[in-house]
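Residue strings, one per chain:
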Amino acid sequence: MDLFLQLTLAGLAIGSVYACVALAVVMIYQATDHFNFAQGEMAMFSTFVAWALYQTTGSIWLSFLIAVALSFIAGIIIERVIVKPVENAPIFNQIIVFIGLLMIFNNLAGWFWEHTTKTLPSLFPEHGIDSTLISTHNLGVILFTLLILGITFCFFKFTKVGLAMRAAAANPDSARLVGVSVGWMLALGWGLASAIGAIGGVLVAPIVFLEPNMMSGVLLYGFAGALLGGVNSPGGAVAGGLMVGVLENWARQYVPGGSELGLTFALVLIVGVLMFKPAGLFGRVIIKRV
Amino acid sequence: MNRPNPITKKLVASFVLLVVVGIALMFVASEYTAYQVTTALAYGIAILGLNILTGYNGQFSIGHSAFFAAGAYVTAILITFAGWHPYATLPVAAAVTFCMGFLFGFPALRLEGLYLALATFALAVATPQILKVDALEHWTGGVQGLFFDKPDPIFAGLSVDHSLYLVTWIVFAVLMAGAWMLLHSRSGRAIMAIRDNPIAASTMGINLALYKTTTFGVSAMLAGIGGAFFALANSFVSPDTFNFFIAVYLLVGSVVGGIISIPGALLGGLFYVFGQEYAEEFSNLSEVIPPPWVTFGILLILMMYFAPFGIWGAIGRGWARLKR
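Residues numbered from 1 in each chain as written. Chains lettered and ligands numbered in written order. Predicted model: local features only at pLDDT ≥ 70, side-chain atom pairs only at ≥ 80, totals over all residues. Heavy atoms only, no water.

## Some points on the overall build of chain A
Stage number 1. A count of helices and strands for chain A gives 11 helices and 0 strands.
Stage number 2. Counting helices and strands in the order they occur from the N terminus, chain A gives α-α-α-α-α-α-α-α-α-α-α.
Stage number 3. Here the C-alpha radius of gyration of chain A, 19 Å, is about what a compact globule of 290 residues would show, namely 19 Å.
Stage number 4. Its C-alpha atoms put chain A at 55 × 45 × 35 Å along the principal axes.
Stage number 5. Among the 290 residues that make up chain A, the fraction classed as buried is 55%.
Stage number 6. Taking the intrachain contacts of chain A between residues at least 6 apart in sequence as the baseline, contacts between residues at least 24 apart amount to 76%.
Stage number 7. On chain A, roughly 12500 Å² of surface is accessible, and the fraction owed to carbon and sulfur atoms is 69%. (Helix = DSSP H or I, 4+ residues; strand = E, 2+ residues; numbered from the N terminus. Rg over C-alpha atoms; globule rule 2.2 N^0.38 Å. Buried < 20%, exposed > 50% of the residue type's maximum accessible area, 1.4 Å probe, protein only. Contact = heavy atoms within 4.5 Å. Areas by Shrake-Rupley, 256 points an atom, 1.4 Å probe, with all protein chains shown as cover.)

In structure tokens:
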């Protein structure tokens, strides 16, 4: 029973990271109808920036905050400069632009910081709680993610900007008519997504080690979480991310051969959800008129 | 009713020209260059598959590295464990990857553009892990992979690399001609109609499910043949060779060569190998020049702005302007 609880709690911790990535993915999907395949590499790059700042400042929290702020600004700039020109281009062009971004960030990180693994210290104290069930880092990850998600929720629910962003995503034309600057709302969405991705990256770095390919698996689980929860429901994406984390940990332990097939599990989950329940568990079914 | 014969003079002339150029180049190429061109052609065959699927049929795949890997492993396993002649394994690799692609085409039927891209992305990311599984280690060689010998020269006096080069070049020319005939046939028009307007295509009596799954199968088959030649050229396969980035690089080759074109596959393959080499040398010149794949990422994005149909598309457009 202890093992089961340990697995579940560790699953919730890694699931929190997937939830962050899933939320970032869904945020951009809602606004633009696209999956940002570069989300993982952008988060990885932000994490490297945090690591580089940590080398000079020596304070992990300070570097973390600066890195998140920089990611927010970088996200806005990327949307304005790189993604905007293909805004109305066919879906193929947009996917290729995302793939281009993915290549740029992955190889830039390798170029700047080399392909050796780095260690980023945890944001949380080493000996905080005394428990055999969960490590302090994992507990910190779960609580911190919940806090971030709560703030994001309040931002979208109770602020004017949040409302404008939701309006721009739901109905760009009407939003424009009532004076919402739809283009800037999209850019802001990219900024927020990139900042949330950066948070996910810094939280997961002490678990998976910091290297240029660290996020490809995490991004896949994030996608799986987003799809499972419902790709047009931010709350669903968070729930989906947590569920994927827990399910993955159970599968690793209890399914024969599961320990070496984590990514295959994500593949099966993605294809399965897309085939049998494309709207996800909490999403709306979208009916397209032709 | 008379149907236009797909074997036109232009096709025959291009085919003969391609084969003659290939044979002529063989005499000037060193063994290493021959090896490089063979690799480029192996990627080119896979890119041809990607062009048919994405460029002509409008289905996305960022997961062709999976089929590329499957073709390579089928060849490697048959040579290592069954002692087959290397070239005899090619039809089997083609058949196996056709079936894989055909089967993967079924879930793909229910997925539109973006979701298909996502599913194939997942496939590509998961591939190395599947190849490393303990249960299959006896056959796949696990993390170490499999080593075997390159095929013997097809006739005496030819070096191993030159012989493989020749075979690959001729197979590539045949596959390109085959792809041309397919796309200029009734089926080819159906394939393109599905890309342009699936609903209109189905009202014209085109069986969407059959055509889309079969196109996926053909595309995967080409990727598999490419993978098989890649394995022969390197005489080695290992799981980490076929990581997600191979799928990305294939896509880059395809876009640079021209995704809605057949000759673009050749250009894309050559770009993959030689472009990378020159970009590598270029980046070694100075500390401030980024490594090749950063440059290519930027190139990819710029192409989407200015030349979405790649080199072959730009050539076609320039030619049309000259003729005007």
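## A look at the side chain of S163 of chain B
Stage number 1. Along the chain, S163 of chain B falls in helix α7 (residues 160-183).
Stage number 2. What S163 of chain B contacts, discounting residues up to four positions off in sequence, is Y87, D152, P153, I154 and L158 of chain B.

## Some remarks on the nonpolar core
Stage number 1. Grouped together as the largest cluster of nonpolar side chains are 200 residues, with contacts concentrated most on F35 and F37 of chain A together with F121 of chain B.
Stage number 2. Ignoring anything within four residues of it in the chain, the contact list for F121 of chain B reads F37, L219, L220 and F223 of chain A together with I62 and F244 of chain B. (Core = buried A, V, L, I, M, F, W, Y, C linked by side-chain atoms within 4.5 Å.)

## Some points on the packing of aromatic side chains
Stage number 1. Counting across every chain of the model gives 47 aromatic pairs over all chains.
Stage number 2. A ring pair is formed by F98 of chain A and W190 of chain A, whose centres lie 5.9 Å apart and whose planes are at 35°; its orientation type is tilted. Placement of the pair is F98 of chain A in helix α4 (residues 91-113) and W190 of chain A in helix α8 (residues 182-208), with a sequence separation of 92 residues. Of the two residues, F98 of chain A and W190 of chain A, both sit in the buried class.
Stage number 3. Ring centres of F121 of chain B and F244 of chain B lie 5.0 Å apart, and the angle between their planes is 85°; on these two criteria the pair is classed as edge-to-face. Here F121 of chain B, found in helix α5 (residues 113-131), pairs with F244 of chain B, found in helix α11 (residues 244-257); they are 123 residues apart in sequence, far enough to count as distant.
Stage number 4. Sitting above the plane of the W184 of chain A ring, R80 of chain A keeps its charged end 4.7 Å from the centroid. (Phe/Tyr/Trp six-rings, centres within 6.5 Å; stacked < 30°, edge-to-face > 60°. Lys NZ or Arg CZ within 6 Å of the ring centre and 35° of its normal.)

## Quick look at a nonpolar patch on the surface
Stage number 1. A cluster of nonpolar side chains, contributed by L62, I66, L70, I73, I77 and V81 of chain A, occupies part of the molecular surface with about 500 Å² of accessible area.
Stage number 2. Counting through the fold element by element, L62 of chain A comes out in helix α3 (residues 60-83). (Patch = residues over 30% accessible without salt bridge, like charges linked within 9 Å, V, L, I, M, F, W, Y side chains within 5 Å. Salt bridge = Lys/Arg side-chain N within 4 Å of Asp/Glu carboxyl O.)

## Some thoughts on the interface of chain B and chain A
How big an interface is tends to be stated in terms of accessible area lost as the parts join.
Stage number 1. Each partner contributes residues to the interface: chain B has 46 residues there, and chain A has 46 residues.
Stage number 2. Contact between chain B and chain A buries roughly 3900 Å² in total, counting both sides, with carbon and sulfur atoms accounting for 81%.
Stage number 3. Applying the counting rule to chain B against chain A returns 3 residue pairs in polar contact (both at pLDDT 80 or more).
Stage number 4. It is α5 of chain B that contributes the most residues to the side of chain B that touches chain A, 13 residues altogether.
Stage number 5. Taken together, the residues of the side of chain B that touches chain A break down into 37 nonpolar, 4 polar and 5 charged. (Buried area = accessible area lost by both parts, 1.4 Å probe. Polar contact = N/O pair within 3.5 Å; in protein donor to acceptor, adjacent residues only side chain to side chain. Nonpolar A, V, L, I, M, F, W, Y, C, P; charged D, E, K, R; others polar.)

## As for the state of the cysteines
Two cysteines, two sulfur atoms, one covalent bond between them: this is a disulfide.
Residue and element names in this part refer to chain A.
Stage number 1. Tallied over the entire structure, the rule returns 0 disulfides over all chains.
Stage number 2. C20 takes part in no disulfide bond, and the closest cysteine sulfur, belonging to C154, lies 16 Å away.
Stage number 3. What makes C20 buried here is its relative accessible area of 0%. (Disulfide = S-S within 2.5 Å.)

## Thoughts on the pattern of salt bridges
Stage number 1. In the structure shown here, the tally under the stated rule is 7 salt bridges over all chains.
Stage number 2. The salt bridge involving E87 of chain A is made with K84 of chain A; its shortest N-O contact spans 3.7 Å.
Stage number 3. The class for E87 of chain A is partly exposed, based on a relative accessible area of 31%.
Stage number 4. Taking the shortest distance from any N to any O, the salt bridge between D161 of chain B and K150 of chain B comes out at 2.9 Å.

## Details of the environment of F144 of chain A
Residue and element names in this part refer to chain A.
Stage number 1. Here F144 is to be found in helix α5 (residues 136-158).
Stage number 2. Overall, the relative accessible area of 13% leaves F144 in the buried class.
Stage number 3. Residues F144 and S16, spaced 128 residues apart in sequence, show a C-alpha to C-alpha distance of 9.0 Å.
Stage number 4. Other than its neighbours up to four places away in sequence, F144 contacts W61, F64, F124, I199 and L203.

## Quick look at the environment of F64 of chain A
All names here are of chain A.
Stage number 1. Here F64 lies in helix α3.
Stage number 2. With relative accessibility at 3%, the residue F64 sits in the buried group.
Stage number 3. Not counting residues up to four positions away in its chain, the partners in contact with F64 are L123, F144, I199 and V202.

## Digging into unusual backbone geometry
All names here are of chain A.
Stage number 1. The backbone phi angle of E114 is positive, close to 65°, even though this residue is not glycine.
Stage number 2. Within the secondary structure layout, E114 lies in the loop between α4 and α5.
Stage number 3. Take E114: its relative accessible area is 52%, and that puts it in the exposed class.
Stage number 4. Despite not being glycine, F209 shows a phi value in the positive range, around 70°.
Stage number 5. Inspection of the secondary structure puts F209 in the loop between α8 and α9 (214-229).

## Re the packing of helix α2 (residues 39-57) of chain A against α9 of chain A
Axis angle and axis distance: for two packed helices, these are the angle between their axes and the distance between the axes, and together they describe the pair.
All names here are of chain A.
Stage number 1. The contact between α2 and α9 brings their axes to 8 Å, and the two run at 135°. As summarised for this structure, α2 and α9 are arranged oblique, according to the angle between their axes. The interaxial crossing formed by α2 with α9 has right-handed handedness. Between α2, through Q39, G40, E41, A43, M44 and T47, and α9, the contact on the second element is made entirely by M214, M215, S216 and L219.
Stage number 2. Classifying every residue of the contact of α2 with α9 by side-chain character gives 5 nonpolar, 4 polar and 1 charged. (Axes fitted to C-alpha atoms, helices over the stretch in contact; angles between N-to-C directions. Parallel < 35°, antiparallel > 145°, perpendicular 65-115°, else oblique. Left-handed = near helix turned anticlockwise from the far one by under 90°.)

## Describing the packing of helix α1 (residues 2-32) of chain A against α8 of chain A
All names here are of chain A.
Stage number 1. Orientation of α1 relative to α8, taken along the N-to-C sense of each, is 165°, at an axis distance of 9 Å. When the axes of α1 and α8 are compared, the pair comes out roughly antiparallel. In this structure, α1 crosses over α8, and the sense of that crossing is left-handed. Here I14, V17, C20, L23, A24, M27, I28, A31 and T32 of α1 come into contact with α8, specifically with L186, G189, W190, L192, A193, I196, G197, G200, L203, V204 and I207.
Stage number 2. Considered class by class, the residues forming the contact of α1 with α8 number 16 nonpolar, 4 polar and no charged.

## Focus on α1 of chain A
Stage number 1. If you check α1 of chain A, its first and last C-alpha atoms are 44 Å apart, about what 31 residues at 1.5 Å a residue would give, namely 45 Å.
Stage number 2. D33 of chain A sits one or two positions beyond α1 of chain A and adopts a positive phi of about 65°. (Expected span 1.5 Å × (residues − 1).)

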